[in-house]
Each structure stands twice: as C-alpha cells, then as structure tokens.
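Examining the three-dimensional arrangement
In case you want the letters, here they are:
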Amino acid sequence: MNNLQAKQKAITALADIYINPTSVISYKSAGFVLIVSESIEEALKITEQLGDKFTPHYLLQNKTGVDKNNTTYGNLITVNGYLGSFEITAMVNNKIENLMVNKEGKYFDIVIDLVSTINIAPVPPFGYYGLNKNGENVEIFAEINQLIGILDKPKFFNLDATLCVHNRNKTELCQRCIDSCPADAISSNGDSVDVNPNLCHGCGGCSSACPTGAISYAYPTEEDTSKKLYVLVGSYLKNSGKQVKLLFHTADNEALLPELESNTLPLAQEEIGSLGLETFLYAFCLGVENIIVHCTDEPAQTIQVLHKQINLTHKLLHSLGYQSQNAFVQLITDISQALDSDITPLSDTIGLIELSNKRNRIFAMIDFLYTNKQTQTPLSHCDFSVSDDAYFGEVIINKELCTLCMACTSVCPPKALTSGNIDKPIVNFQESLCVQCGLCVKSCPEEAMQLNSRLIFDNQQRTSQKILNADQPFRCVDCGKVFGSNQVIQKMMEKLKNHSMFADGKINNLAKCEDCRVKALF
Ligand code: SF4
Ligand code: SF4
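Residues numbered from 1 in each chain as written. Chains lettered and ligands numbered in written order. Predicted model: local features only at pLDDT ≥ 70, side-chain atom pairs only at ≥ 80, totals over all residues. Heavy atoms only, no water.

In this section: helix α9 (residues 358-372). Each α-helix turn comprises 3.6 residues. Residues three or four places apart therefore point the same way. With 15 residues, α9 ought to run about 21 Å at 1.5 Å a step, and its terminal C-alpha atoms sit 21 Å apart, in line with that. With 11 of 15 residues buried, α9 lies mostly within the body of the structure. Listed as buried for α9 are Lys-358, Arg-359, Arg-361, Ile-362, Phe-363, Met-365, Ile-366, Asp-367, Phe-368, Leu-369 and Tyr-370. Lining the buried residues of α9 we find α5 (205-209), α6 (222-238), α7 (277-285), α8 (300-319), β25 (449-456) and α12 (459-463). Between the side-chain oxygen of the N-cap and the backbone nitrogen of Arg-359 there are 2.9 Å, and the N-cap of α9 in question is Asn-357. The first or second residue beyond α9 is Lys-373, which carries a positive phi of 35°. (Helix = DSSP H or I, 4+ residues; strand = E, 2+ residues; numbered from the N terminus. Expected span 1.5 Å × (residues − 1). Buried < 20%, exposed > 50% of the residue type's maximum accessible area, 1.4 Å probe, protein only. Contact = heavy atoms within 4.5 Å. Polar contact = N/O pair within 3.5 Å; in protein donor to acceptor, adjacent residues only side chain to side chain.)

Annotation of the chain at the domain level lists domain 1 (3-17 + 220-379), domain 2 (27-153), domain 3 (155-217), domain 4 (386-470) and domain 5 (473-521). Taking the mean C-alpha position of each, domain 3 and domain 5 sit 47 Å from one another. (Domains from an automatic or database assignment.)

This part covers the site of ligand 2. Residues in contact with ligand 2 amount to 13 residues; listed here are only the nearest, Cys-412, Cys-434, Cys-437, Gly-438 and Cys-440. In the shell around ligand 2, the residues fall into 11 nonpolar, 2 polar and no charged. (Near = heavy atom within 4 Å. Nonpolar A, V, L, I, M, F, W, Y, C, P; charged D, E, K, R; others polar.)

Before going further, it helps to spend a moment on the sheet that holds strand β3 (residues 55-60). What the 5 strands build is an open sheet, ordered β4-β3-β2-β8-β9; its pairing is parallel. The open sheet is flanked by β4 (71-73) and β9 (128-130), the only strands paired with a single partner. Across the sheet, the mean angle separating the axes of adjacent strands is 15° when strand polarity is ignored. Relative to β4, β3 is paired through 3 bridges, and the arrangement is parallel. Bridge assignment links Leu-59 to a residue of β4, and that residue is Thr-72. Across the sheet, helix α2 (residues 40-48) lies against β2 (32-37), β3 and β8 (110-113), angled at about 155° from β3, the strand it touches most. (Pairing = 2+ DSSP bridges. Axes fitted to C-alpha atoms, helices over the stretch in contact; angles between N-to-C directions.)

Bringing the site of ligand 1 into the picture now. As a structural note, the neighbourhood of ligand 1 is formed by Cys-164, Val-165, His-166, Cys-174, Arg-176, Cys-177, Val-193, Cys-210, Pro-211, Thr-212, Ala-214 and Ile-215. Grouping the constituent residues of the shell around ligand 1 by class yields 9 nonpolar, 2 polar and 1 charged.

Turning our attention to the layout of surface pockets. In this structure, the largest pocket occupies an estimated 1,400 Å³ of space. Elements that contribute at least two residues to the lining of the largest pocket include exactly β9, α3 (138-144), β10 (149-154) and β18 (264-269). Taken together, the residues of the lining of the largest pocket sort by class into 20 nonpolar, 8 polar and 10 charged. If you add up the space inside the second largest pocket, you get close to 610 Å³. (1 Å grid on protein atoms, 1.4 Å probe; cavity = no way out; pocket = protein on both sides within 12 Å on 5 of 7 lines; lining within 4 Å. Points joined across faces, edges and corners; volume = space filled by probe spheres on them.)

Structurally, His-294 can be placed in strand β19 (residues 290-294). Judged by relative accessible area, His-294 falls into the buried class, the value being 4%. Separated by 3.1 Å, the side chain of His-294 and the backbone oxygen of Thr-333 make a polar contact. Ignoring anything within four residues of it in the chain, the contact list for His-294 reads Leu-247, Phe-248, His-249, Asn-253, Leu-257, Ile-272, Ile-332, Thr-333 and Ile-335.

It is worth spelling out the pattern of salt bridges at this point. Overall, the coordinates contain 16 salt bridges when judged by the stated rule. When the shortest N-O distance is used, the salt bridge between Lys-497 and Glu-494 registers 2.7 Å. By relative accessible area, Glu-494 is classed as partly exposed at 49%. Each member of the salt-bridge network shares a partner with another, and the members are Glu-394, Glu-431, Arg-454 and Lys-466. (Salt bridge = Lys/Arg side-chain N within 4 Å of Asp/Glu carboxyl O.)

Here we come to empty space enclosed by the protein. If you roll a probe as big as a water molecule over the atoms, it shows you where there is empty space left. Considering all chains together, one arrives at 6 cavities of 30 Å³ or more under this definition. Taken as a whole, the largest cavity spans an internal volume of roughly 130 Å³. Taken together, 17 residues line the largest cavity, and the ones lying closest to its centre are Cys-181, Cys-200, Cys-203, Gly-204 and Cys-206. Of the residues assigned to the lining of the largest cavity, the class counts are 12 nonpolar, 5 polar and no charged.

Okay, the sheet that holds strand β22 (residues 393-397) next. The strand order β21-β25-β22 describes an open sheet built from 3 strands, whose pairing is antiparallel. Either end of the sheet is taken by a strand with one partner, and the two such strands are β21 (381-383) and β22. Strand-to-strand twist across the sheet, computed as the mean angle between neighbouring axes with direction ignored, equals 45°. When β22 meets β25, the two strands line up antiparallel, connected through 5 bridges. Note that in β25 the partner of Ile-396 across the bridge is Gln-450.

Let us now look at unusual backbone geometry. In this model, Tyr-219 is joined to Pro-220 through a cis peptide bond whose omega is 5°. By secondary structure assignment, the location of Pro-220 is in the loop between β16 (215-217) and α6. Backbone geometry places Ser-116, a non-glycine residue, at a positive phi of 50°. With respect to the helices and strands, Ser-116 occurs in the loop between β8 and β9. Phi at Lys-170 takes a positive value of approximately 60°, unusual for a residue other than glycine. By relative accessible area, which is 85% here, Lys-170 ends up exposed.

This is the structure:
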C-alpha cells in the first residue's frame, strides 16, 4: 500500500475503538436572560435576536428611553455561577443589590453583557456572553437560542484527592491545576482541590500539569487516547505507511485544516490542552516522527501548559539520545508552516500501554526507550531546571546536618521517603515516587535537604530503595533500651551542654530513656 491507502485504512480502523463514557453534567435553563447594557436601545437590539421562549431582563447603566418591564438601572459588579444559576450583584442607587428574576429568588439562566466591565475568567462560565455591541454575533445567537430546557455536557475530568499534594501540613505545595485553569473552575479546599464541574470547559491543562495524576482527563481518558494512537499509527505502519506524522487538532477546527500530506495522520481531540508529555512520548514510542499540535484561540494558560509539556518531552528525548534540528512536537496555528523533524524514528516500537497511573505510564515508556537503546549515547538521566516544572527527581540529604529526626519521612505525601524502625534509624528514598513537592525540604528543622529535579532512566535505580542516611540506635545509658538515634541524642547533648538547666551533670539525663529519666528525678 502507498501512504495514502495506509492512512485511509488507519483512519477507518479508528472508528471501531470503544471510548469509555464519562458521567454527564446537566444544566437547567428556563430562559431568563439578563441583558447588561448602557442603554435600552442597545438592549432591545439584543432582545430582537432572542427566540420567543426567552424572557429578557435589563440592567441598564443609563436611563435613555421609555422604561420597559423588568428593568433595573445600575452597574454590574459580579457574576457568579453558570448556565441556569447566575448570582448577580449590581450597584443600584449606591447600594449593592442581588439581582434576581423574581421575589422567590430565581437566579438568572443566561447573562448577555454588552458592557464587560467585570472580572470574569478568560474562559467564562457556560451561559455568560460578553458581547461586542457593534460586532457580528449571528453564530453566538444561534448558540444562545439553544440554551433552554435541560442541557447536558460530559464531565471532562476525574479527581482522586488522595493523590493530590496541594497542601499538606499547612504548607502550600502545588497549585499547578489552579494556575492552569482558564475557567477558574479549580479552587483550594484546604488540603486538596475542588473542581467545579459546572465551570469546567474541559481545556485539559490541569491534567497535563498535575504531577501525581490526581486530576486526569476523563473524556477521553489517557488510556483511550493511547488506544486510538496505537490503532491509528499501528495500522498505518502495518500497511507499509512511511514517515508517520501526527496532527492533533480539535474536532471544531477540522474545517480549518488544509489538505494534509499523505503521511500525516489527523487525530481530533476534545481539547488540545489535554495533550501532554505522556501522549507525546507514547506517539514517539509508536514510531511517530513528527507531531503537529494545531492551536487556534486556546487560552494563554492552556498554551503555557502545552509549551511546558512539549519542553519536557524534548528534554527527555534529547537525553535519551533522540535529537533533532526541527522540533519533534510543534505547536502551531498555521500548519503549513510546520517543519519536518529529523528525529531518528524508532524501528522497534512499543505495544499498547494499559497502565492507568500517569507516572507509571511515563516510566513504562522511559524504560522502553532506555532498554531498547536505539541510539548510541543515551545519558543516564535527564536534568531539569526549576522553570521546567518537572515532577520527577531526587532529594539529597546533607549527612553532616541530618539528625535522623524523621520529620521528612513522616510528611512525604507519596511515601517516597520512609523511615526504618526504632532499632534501625534510617531514611530510605524511592526516586520513582518523588513528585518534587518540596514538603520534606520545608519540614526539615536542620535545613539538611535539597531537591534535584531529574528523571533517572535506569528502572532499577529509579524504583529501588536508597539509603539517604542511617545511624546506630541509641541505647539508654541506664537500662539499655533503644529510644532514639545516636546522632539525635549526641546533637541534643552538644546543643544543650552549656544550658543552665542541664548543669551539674544533668546533661547525662538526656542519654536516658523516658522511664529512667523519671526515676532519676525522684
Ligand atoms: S496539580 Fe494535581 S497535585 Fe497539584 S494541586 Fe492540582 S490536583 Fe493536586
Ligand atoms: S521526597 Fe520530599 S519532595 Fe519528594 S515527594 Fe516526598 S516530600 Fe515531596
């Protein structure tokens, strides 16, 4: 088969893939619309474009014409909520008022804002429209006129709060998802985060940025995206397709795409922001030579996350010995400007990865690339800088300072750091589990720890327990019972030896266990 025939076969094969469903988020709209405008004249122009089932209310800045029913004069202050449930405050007669549809407290279903003076998320809530009063809004009104009755959308994310390292021990550690969400749908709930499914637009940046996999994309899941990639690329190569390129685009933008080369396989995504390191790496492991991510008007936060994920991908591939003049992954608005990557494609490709944990999936690909060693000079690991926001690495303990107090092992959220027992004072570390949250560093009273962001390629080194520090147990000088580590007791005695409370030989009480210390007092 030639490339074009192989491509057609591959695209046909995609149709048979079962995509796991997600749950549904429902909105209920009775069609009460608040139109925020400078004047009634502007507001009436909007009203003309609404269908009969909608009931307009007006919040007008100026009194310019004859009063209409349902009119309030004032200035919009806040809009909170979403389609079917907008809580509105406005400054009316120098007083802040809650605007509602009726005295029974019905919230507005839709807000059309021609003034746009309020702070609203870059991707506003469903049902809020900040319109340009002079602009062409035909398509938008076609959309608004559908917003009546019960409306469903997929739930785009899954959240496993047990994996989240947002805030532990009253220490803020991670808010990548909050920062990456252009819809302001994610907020802190103290220890972990909440995602408001009604505000979530499924941009996907949160799941790409999350170091632990606590937030993952649900529609499709990463496993389903992998299945699609595996079938699409696998079928193309099996049918003698050559030099496979992948084009990720949103289904909405399909019409904007030019005619594609015969070796470019298109794969529509709900949102390109859901793409990240694991998808890019997997595509490479399947034999893809070039990835083009077609972006159009994605919010700045989404683009920023994508750039970081692409950067991580390139750094890893580079350290594994896969270099290229032109980037392997290119994020681009005009796909005719994409440059062919000259990366060496894999001859031996990976199978379907069915692991559900994000980190384990990435490690499985790293293991595949490292053990297959299809390049001559892979490094032993990839170093990251702080700005890379990578979530792999080691912690280094300064043994001179560490007293084995175990403050670090008691707080480490993913249990990358663990302690021995009372008879064996020891700090163990498993690098594959460390998400570089930094809680251990912040918790160490001796300032003995530091982070080193890297991804070590050797599976054995990454997954085995390494002893970072160890000591002899300290035995009570009276009864011989073990009650601490040698270094902790010695250091404490050294620190307190000149303290007045421990004068006249009382310092030796510190070398006694609790029971013997009590006995010594009486
Ligand atoms: S990015 Fe992940 S780990 Fe970090 S706060 Fe969000 S859910 Fe928690
Ligand atoms: S070892 Fe330190 S940086 Fe790594 S996950 Fe544990 S507490 Fe966080």
